[in-house]
Amino acid sequence: MRQLDSLLRPRSVAVIGASSESAKTAGRPIAYLQKHGYAGRIYPVNPRSETIAGLPCYADVASLPEAPDVGLVLLGAARAAQAVRDLAGRGAGAAIVLASGFQETGAAGAERQRALREAAGDMPLLGPNTIGLVNLTDGITLSASGALEMDDLQRGSIAVVSQSGGVLGAMLSRAASRGIGFSKLVSTGNEADLDVADLVESLLDDPATAVIALYIEGLRKPAAFRAAAVRAARLGKPLVVFKVGRSESGARSAVSHTGALAGADRMYDALFAQCGVIRAQTFADLLDIPAALATGRRLAGRRIAILTSTGGAGTLVADSCGLAGLDTPAPDGATAARLDALESGGDAVLSRNPIDLTLAGLKPELLRGALGALLASPGYDGAVVIAGSSSLQHPGLVSGAVRDCLRDSDKPVLVYVSPHAPHIVADLNRQGIPAFAAPESCASAFAAMLARRAAPAATPACGAPADDAARREAGAQARALPAGPLHEADSKALFARFGVPTVREAIAATPAEAGPAAAALGERVVIKALSRQLAHKSDIGGVAVGVPAAEVEARGQAMLQAVRAATDAPIEGLLVQEMVRGGVEMILGLHHDPQLGPAILLGMGGVAAELFDDTALRLLPLTRADAEAMVRELKTRALLEGYRGAPRADIPALVDAILAFAHMAEELGDKLAEAEINPLFVLPEGQGVKAADGVAILR
């Protein structure tokens, strides 16, 4: 891990290209450092000025009285590399380059960025094309963002790392209006050197940071990010990520179905699922969820109590919770009796959820007693208190009751402020009570709390030991094969070498040979045209299912005629297979993402795999827990669990097959361009699985 203390907590800052005019972009950083109480040493560098903002100004980096911890470079793209080189030569701890005009502008800019990175050498470099960083914990503002014009920047325990400088400013201003505090905010910009993973790793060691919120467009070092995310989960510091680009299809034209089923955004979902990252579904969630998680309270289950003084608002929250997969059950008998014992005048509706105090009149002792009863109840895991219009006249009513009750319970409590009252929302948040202006935000926050899981297991190779001789031998045999597509029989033979069971089958060079081969495989068989150039044989009549053994020769002859009439692809004969009955058809495939690397895809298969579009993805390497989670994630998993009286499928054998397939992908690495089994029959419990069709392409 790179040490970034000099960057995040500098004792001295050199501002290269500083301006004496504080209204200009180049004049803002020093003005903001002074405005927000930076206690370290500031060195303006500008050969045309003697003093700036009351500070001695230096002609160049070489003239500085010491090597600065950070050099903030405000020069344009053409001059930035020399400034960075000067800082590195002087021994500066880090550099921040705000200028644009680098890789984001095209080939010429990319060359400037390469030169900038080279100029930095071993010195950490933030940017270019960044708005900088803000350390609110220590009052250090290394940025030109106009959001720093605000006088009151509240400190808190949420850190923000953003690949967009504008988003960093937006988060800072939005949080200030909501009464939410930050510890650190960093814009990584073009990430010529330091990227999101580097900053997350460093912030994990920051005692002032409890939650890290990320705004990303992509990941430059996905393996480093994955390692940092797993470490974050183990340390109990949640990562909340808003990933843009969700509308991109990410699909490509491929021989296998897998390429079309695995989009770029689904790959990020897989990465986040494997390493315990919480994905923010909306930009608002990127602030709302960390604000709730920063309390440190956890949601043990799905049962939410809603306490309201306005019926409509209670229904809004209940609906939002239901859509988020949360439950809002009525109070159990003991809790209902405790609620009924409160002095409500008999007018409040206390026996159902939402618990409505509207008719009883909102009295401090009634609100406190009702909330205390709900938090003490074993039937609820958390609560939402709704601040209605009466809170405008009595703003301390809800906050006082919630504060009192939180002292006696470790369950999370959120507040939904129903009227438009930003000042009440901000006041509650400043008191450490998560408050929101939208009912959906309460549901999102609780769902995120529920998603927090135990630290992910270590991520070794897919479960087979490194010295597995059979696996190494299988890999050596596969690497010796020529590049290009394998036909179906050879593809399945490859899968079988790594432990994936396949159907019994035989290759017949001619229809005349197919008949005797069929006789050994059962009364009815499957016949297919065999070609390494035909992946989707059924589209052109190259597959026949349930063919009586006596008819195989004639049906095979007709099939070859039809296929040759439809395509010029070379046909290598016929493949005769046993007929599999009574299994659930799955698809199991390998997908290579250009950013995130290889992943395994599992879904409902057969000829309608793309129509079902019910898939789960996990990046390599896989653990057994990953494989089991993939099965649970499928919407159609009920078909595997014995839907409507059908026998339960052999799910443990399916998990074994997923891991064996993943072993193969890991062992072969880049040699394996594409691989897919469709269908993979999952037979009734105890009978295993069988790969009935397969595609493999080798580089």
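None of these values were measured; they are calculated from a predicted model.

A. Structural view of the overall build of the protein. A tally of helices and strands in the protein yields 23 helices and 30 strands. Seen along its three principal axes, the alpha-carbon backbone of the protein occupies a region of about 95 × 80 × 45 Å. Counting only residues that meet the buried cut, the protein has 56% of its 699 residues in that class. Residue pairs at least 24 apart in sequence account for 72% of intrachain contacts in the protein once pairs closer than 6 positions are excluded. Carbon and sulfur atoms make up 51% of the accessible area of the protein, which amounts to about 27,500 Å² in all. Taken as two groups, the 66 positive and 74 negative side-chain charges of the protein have centres that lie 2 Å from each other.

B. Focus on the nonpolar core. Core analysis: the biggest nonpolar cluster contains 58 residues, and I96, I212, L214 and F225 have the highest contact counts within it. When neighbours within four sequence positions are excluded, L214 is seen to be in contact with V161, V196, V200, F225, V240, V241, F242 and L286. With 48 residues, the next largest nonpolar core counts F242, I278, L286 and V317 among its residues.

C. Structural context of the domain arrangement of the protein. Domain parsing of the protein yields domain 1 (4-292), domain 2 (298-452), domain 3 (504-579) and domain 4 (584-698). The straight-line distance from the C-alpha centre of domain 2 to that of domain 4 is 43 Å.

D. Here's a closer look at the sheet that holds strand β12 (residues 211-216). Here we have 7 strands laid out as an open sheet, ordered β9-β8-β11-β10-β12-β13-β14, and mixed in their pairing. If you trace the sheet from one side to the other, it starts and ends with β9 (140-143) and β14 (278-279), each paired once. For strand β10 (residues 155-162) and β12, the ladder comprises 5 bridges, and the chain directions are parallel. When the sheet's bridge partners are listed, S162 is paired in β12 with Y215.

E. Spatial organisation of the UniProt feature "domain: CoA-binding" (unreviewed entry) in the protein. Following the UniProt record, the feature "domain: CoA-binding" (unreviewed entry) maps to residues 7-102 here. Split by type, residues 7-102 is 25% helix and 23% strand. Its first and last C-alpha atoms lie 22 Å apart.

F. Representation of the sheet that holds strand β21 (residues 505-508). The strand order across the open sheet built from 4 strands is β21-β24-β22-β23, with neighbouring strands paired in antiparallel fashion. Strands at the two margins of the open sheet, each flanked by one partner only, are β21 and β23 (543-548). Strand after strand, the sheet turns through a mean of 25° between neighbouring axes, direction not considered. Bridge count between β21 and strand β24 (residues 574-578): 4 bridges; the pairing is antiparallel. For A508, the partnering residue across the bridge sits in β24 and is L574. Contacts from helix α19 (residues 511-519) reach β21, β22 (524-529) and β24 within the one sheet, and its direction differs from that of β24 by about 10°.

G. Unusual backbone geometry, seen in detail. Residue L620 is joined to P621 through a cis peptide bond whose omega torsion reads 0°. Tracing the sequence through the fold places P621 in the loop between β27 (615-619) and α22 (624-633). Here the residue pair N678 and P679 is connected by a cis peptide bond, since its omega of 10° sits within 30 degrees of zero. Tracing the chain through its elements places P679 in strand β28 (residues 672-682). A positive phi angle is found at E191, which is not glycine, with a value near 55°. Inspection of the secondary structure puts E191 in the loop between β11 (182-187) and α6 (196-203). The backbone of R644 shows a phi angle near 50°, a positive value even though the residue is not glycine. Note that R644 resides in the loop between α22 and α23 (651-668).

H. How the structure looks around the layout of surface pockets. When its volume is computed, the largest pocket comes out at roughly 990 Å³. Along the wall of the largest pocket there are 30 residues; nearest its centre are D269, A273, Q281, A451 and E633. For the lining of the largest pocket, the secondary-structure elements that each account for two or more residues are α9 (264-274), β14, α10 (285-293), α16 (439-451) and β27. Across the lining of the largest pocket, the residue classes break down as 14 nonpolar, 5 polar and 11 charged.

I. Representation of helix α7 (residues 222-235) in the model. Taking 1.5 Å per residue as the helical rise, α7 with its 14 residues ought to reach 20 Å, and the 20 Å between its terminal C-alpha atoms agrees with that figure. Turning to α7, its buried residues are P222, F225, R226, A228, A229, V230 and A232. Elements in contact with the buried residues of α7: α6, β12, β13 (239-243), α9 and β27. Downstream of α7 by one or two residues, G236 has phi in the positive range, about 75°.

J. Region of interest: the packing of aromatic side chains. One pass over the structure, following the stated rule, counts 7 aromatic pairs. Cluster of aromatic residues (ring-pair linked, three or more members): Y215, F242 and F283. Here K243 stacks its cationic end above the ring of Y268, 4.6 Å away from the centre of that ring.

K. Representation of the environment of N190. Looking at the element boundaries, N190 is found in the loop between β11 and α6. For the pair N190 and F681, spaced 491 residues apart in the sequence, the C-alpha separation amounts to 47 Å. Leave out the neighbours within four places in its chain, and N190 touches F102, Q103, E104, Q113, G127, P128 and N129.

L. Quick look at the pattern of salt bridges. Enumeration over the complete set of coordinates arrives at 36 salt bridges. R117 is the salt-bridge partner of D193, the closest N and O atoms lying 3.5 Å from each other. With D193 in the loop between β11 and α6 and R117 in helix α4 (residues 107-120), this residue pair connects regions lying 76 residues apart in the sequence. Owing to a relative accessible area of 6%, D193 belongs among the buried residues under this scheme. R648 is the partner of E685 in a salt bridge, and the nearest nitrogen-oxygen pair spans 3.7 Å.

M. Focus on the packing of helix α12 (residues 333-340) against helix α13 (residues 364-376). Remark: α12 packs on α13, axes separated minimally by 9 Å, with the N-to-C direction vectors making an angle of 170°. Taken as axis vectors, α12 and α13 run roughly antiparallel relative to one another. The way α12 lies across α13 gives a crossing that is right-handed. Between α12 and α13, the contacting residues are T335, R338 and L339 on the first element and A370, G372, A373, L374 and A376 on the second. Per-class residue counts for the contact of α12 with α13 are 5 nonpolar, 2 polar and 1 charged.

N. Spotlight on the confidence of the model for the protein. Averaged over every residue, the pLDDT of the protein is 91; the share at 70 or more is 93%. Within the model, the stretch residues 249-257 combines pLDDT values under 50 with 26 contacts to residues more than four positions away or in other chains. Scored below 50 in pLDDT, residues 458-467 makes 24 contacts in the model with residues more than four places away or belonging to other chains.

O. The arrangement of the pairing of β12 in detail. The buried count for β12 comes to 6 of 6 residues, which makes it a mostly enclosed element. Neither face of β12 is exposed, since V211, A213 and Y215 on one face and I212, L214 and I216 on the opposite face are all buried. Two elements, β12 and β13, share 5 bridges in a ladder whose sense is parallel. Across the sheet, L214 pairs through a bridge with V241, a residue of β13.

What counts and what doesn't
- Residues numbered from 1 in each chain as written.
- Predicted model: local features only at pLDDT ≥ 70, side-chain atom pairs only at ≥ 80, totals over all residues.
- Heavy atoms only, no water.
- Helix = DSSP H or I, 4+ residues; strand = E, 2+ residues; numbered from the N terminus.
- Buried < 20%, exposed > 50% of the residue type's maximum accessible area, 1.4 Å probe, protein only.
- Contact = heavy atoms within 4.5 Å.
- Areas by Shrake-Rupley, 256 points an atom, 1.4 Å probe, with all protein chains shown as cover.
- Lys, Arg positive; Asp, Glu negative; His and termini not counted.
- Charge placed at Lys NZ, Arg CZ, Asp CG, Glu CD.
- Core = buried A, V, L, I, M, F, W, Y, C linked by side-chain atoms within 4.5 Å.
- Domains from an automatic or database assignment.
- Pairing = 2+ DSSP bridges.
- UniProt positions renumbered as here; feature names shortened; annotations may be inferred.
- Axes fitted to C-alpha atoms, helices over the stretch in contact; angles between N-to-C directions.
- 1 Å grid on protein atoms, 1.4 Å probe; cavity = no way out; pocket = protein on both sides within 12 Å on 5 of 7 lines; lining within 4 Å.
- Points joined across faces, edges and corners; volume = space filled by probe spheres on them.
- Nonpolar A, V, L, I, M, F, W, Y, C, P; charged D, E, K, R; others polar.
- Expected span 1.5 Å × (residues − 1).
- Phe/Tyr/Trp six-rings, centres within 6.5 Å; stacked < 30°, edge-to-face > 60°.
- Lys NZ or Arg CZ within 6 Å of the ring centre and 35° of its normal.
- Salt bridge = Lys/Arg side-chain N within 4 Å of Asp/Glu carboxyl O.
- Parallel < 35°, antiparallel > 145°, perpendicular 65-115°, else oblique.
- Left-handed = near helix turned anticlockwise from the far one by under 90°.
- pLDDT = per-residue confidence, 0-100.

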